[in-house]
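Residues per chain are reported as follows:
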Amino acid sequence: MLNARSAAFTAAMLLTYVFHPGQAHAELLKARLAQNLGPISGIVIVAKEKGFFEKRGLDISVTNFTSGKQCLDTVAGGGADIATTAEAPVTAAAMAAQPIAFLARMEYSDLKTVVASKAGIKSKADLKGKRIAFTAGTGSEVYTSALLSRAGLKKDDVTLVNLRPQEMLPALVAGSIDAFDTWEPHIANAKKTLGADVAEIDTKGIYSETFNIVVMQDYLAKNGPLVEKFLAAAIDAETWMKANPEEAITVVAKAVGIKREDLAPIWSDYVYRLTLDDKQIDTLKTHAAWRLETGNHPPGAAMPDFLKILSPGPLKSIDAKRVTYSNQPGG
């Protein structure tokens, strides 16, 4: 009887392998993603929510943060493997000679300014003498500097208040600041919550923040196949988002905790595409130049050679047409 049962079990397993060969050896590769929980991370949010990571053989655990700086710091400290982050933390890491590997840009969008209506701020020039919140070490800080410059103002002309994005709306409500500079969905949330008590001033084109996928170089060296699968899943998500924009809005809005009707009007602000191009290098150089001009850099820092931190190999292996920047190694 025992032999018969054993034979039956063996036969069943063989049938499973014949008809479902993937099930016999399918073992998902595990990685930890440090993610900024906002629409700027839309591609990886969709990759997780719609199962594209699993379809590529990955088991991705996600820890959410409110800024890309926190994400990259977590990866650098060993608390996660892959970060979604803006260019500000990338330039800081490069100037500090941290061994990061920049894999791809996945999104870019303009930063914005919302003001308290009672503050009487109708234009950029009206920011003079006001209290403006920003987030130090992120694109918010660079945007604030560019905004003041465009308005013909200096830092001494305003009072700058360093706050995390989630702290800005409560501070505006409390009256401790007059305006804040940040990314979506915090701008839309403020307008939805306060209605006529707030307004957005026109700052379009002043600063577009990029959002990117970064790992440490040693992690990439040891986990090349996993990284390629991760980027492939991200491209799957990007393709699906463009083919299903209405459902994509629903998925991202639910994941980030904002109402769909609040995200839909600003959805076109987010330009989603996995790439490595000259625009990215120019953005990194511009940001690094700002650091050098303002002294916001480690002692003795110089303009980094960003070609040394870009790691085009994984993206090239998936879709070479997405890697278009000049002066590539071997190019």
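Not measured: the values here are computed from a predicted model. (Residues numbered from 1 in each chain as written. Predicted model: local features only at pLDDT ≥ 70, side-chain atom pairs only at ≥ 80, totals over all residues. Heavy atoms only, no water.)

Details of the side chain of D181
Residue position: D181 is located in strand β8 (residues 179–182). Buried within the structure, D181 lacks any salt-bridge partner; K155 is the closest side chain of opposite charge, at an N-O distance of 11 Å. Residues within four places of D181 in sequence aside, it is in contact with K112, T113, I132, A133, F134, S140, Y143, T144, L147 and M168. (Helix = DSSP H or I, 4+ residues; strand = E, 2+ residues; numbered from the N terminus. Buried < 20%, exposed > 50% of the residue type's maximum accessible area, 1.4 Å probe, protein only. Lys, Arg positive; Asp, Glu negative; His and termini not counted. Salt bridge = Lys/Arg side-chain N within 4 Å of Asp/Glu carboxyl O. Contact = heavy atoms within 4.5 Å.)

Here we look at the nonpolar core
Counting 104 residues, the largest nonpolar core has I82, F180, F230, L263 and L274 as the members making the most contacts within it. Once residues lying within four places of it in the same chain are set aside, the contact partners of F230 are L33, V44, F53, L58, I60, I82 and I213. (Core = buried A, V, L, I, M, F, W, Y, C linked by side-chain atoms within 4.5 Å.)

Some words on the pattern of salt bridges
A side chain with one charge can pair with a side chain of the opposite charge if their charged atoms come near. In this structure the tally under the stated criterion is 18 salt bridges. Between K69 and D73 there is a salt bridge, with its nearest N and O atoms 3.1 Å apart. Of the two residues, K69 and D73 are both situated in helix α5 (residues 68–76); the distance of four residues between them amounts to about one turn of the helix. Its salt-bridge partner being K112, residue D269 comes within 2.6 Å of it at the nearest N-O pair. Placement of the pair is D269 in the loop between α13 (260–263) and β11 (271–275) and K112 in strand β5 (residues 112–116), with a sequence separation of 157 residues. Its relative accessible area of 10% is what places K112 among the buried residues. Beyond isolated ion pairs, a larger network of salt bridges with shared partners links E238, K242, R273, D319 and R322.

Considerations on the environment of T66
Topologically, T66 is positioned in the loop between β2 (58–65) and α5. We classify T66 as partly exposed; its relative accessible area is 27%. Other than its neighbours up to four places away in sequence, T66 contacts N36, P165, Q166 and W183. Among the polar contacts made by the side chain of T66, one reaches the side chain of Q70 at a distance of 3.0 Å. A distance of 3.3 Å separates a polar atom in the side chain of T66 from a polar atom in the side chain of Q166. (Polar contact = N/O pair within 3.5 Å; in protein donor to acceptor, adjacent residues only side chain to side chain.)

A word on helix α8 (residues 165–174)
Residues that lie three or four places apart on an α-helix share one face, since the helix turns once every 3.6 residues. All of the buried residues along α8 are P165, M168, A171 and L172. The arc that holds the buried residues of α8, viewed along the axis, is 100 degrees, so those residues lie on one side. Residues of α8 that are exposed and angled more than 90 degrees away from the buried face: V173 and A174. The elements touched by buried residues of α8 are β5, β6 (131–134), β8, α9 (186–194) and β9 (198–200). Looking at the residues trailing α8, positive phi occurs at G175, about 85 degrees. (Arc of directions from axis to C-beta.)

So, the packing of aromatic side chains
Counted according to the given criterion, the structure contains three aromatic pairs. Geometrically, the ring pair formed by F53 and F230 is stacked, given 4.9 Å between the ring centres and 25 degrees between the ring planes. With F53 in helix α4 (residues 52–55) and F230 in helix α11 (residues 224–243), the pair connects residues that are 177 residues apart, well separated along the chain. Note on accessibility: F53 and F230 belong to one class, buried. Each ring, one from Y270 and one from Y272, has its centre 6.0 Å from the other, and the planes form 20 degrees; the classification is stacked. Here Y270 and Y272 have matching classes, each one buried. (Phe/Tyr/Trp six-rings, centres within 6.5 Å; stacked < 30°, edge-to-face > 60°.)

Digging into the packing of α8 against α9
For the pair α8 and α9, the least separation of the axes is 10 Å and the interaxial angle reads 30 degrees. One finds that α8 runs roughly parallel with respect to α9. Note on packing geometry: the crossing formed by α8 with α9 is right-handed. Across from P165, Q166, L169, L172 and V173 in α8, the residues of α9 making contact are H186, N189, A190, T193 and L194. Grouping the constituent residues of the contact of α8 with α9 by class yields six nonpolar, four polar and no charged. (Axes fitted to C-alpha atoms, helices over the stretch in contact; angles between N-to-C directions. Parallel < 35°, antiparallel > 145°, perpendicular 65-115°, else oblique. Left-handed = near helix turned anticlockwise from the far one by under 90°. Nonpolar A, V, L, I, M, F, W, Y, C, P; charged D, E, K, R; others polar.)

Focus: the environment of A171
Secondary-structure assignment places A171 in helix α8. Along the chain, A171 and T283 lie 112 residues apart, while their C-alpha atoms are 31 Å from each other.

Describing α5
Every buried residue of α5 is accounted for by G68, C71, L72 and V75. Looking down the long axis of α5, one finds its buried residues gathered within 90 degrees of arc, a one-sided arrangement. Following α5 by one or two positions, G78 adopts a phi angle in the positive range, close to 90 degrees.

Note that all results are geometric; they support no functional claim without further evidence.
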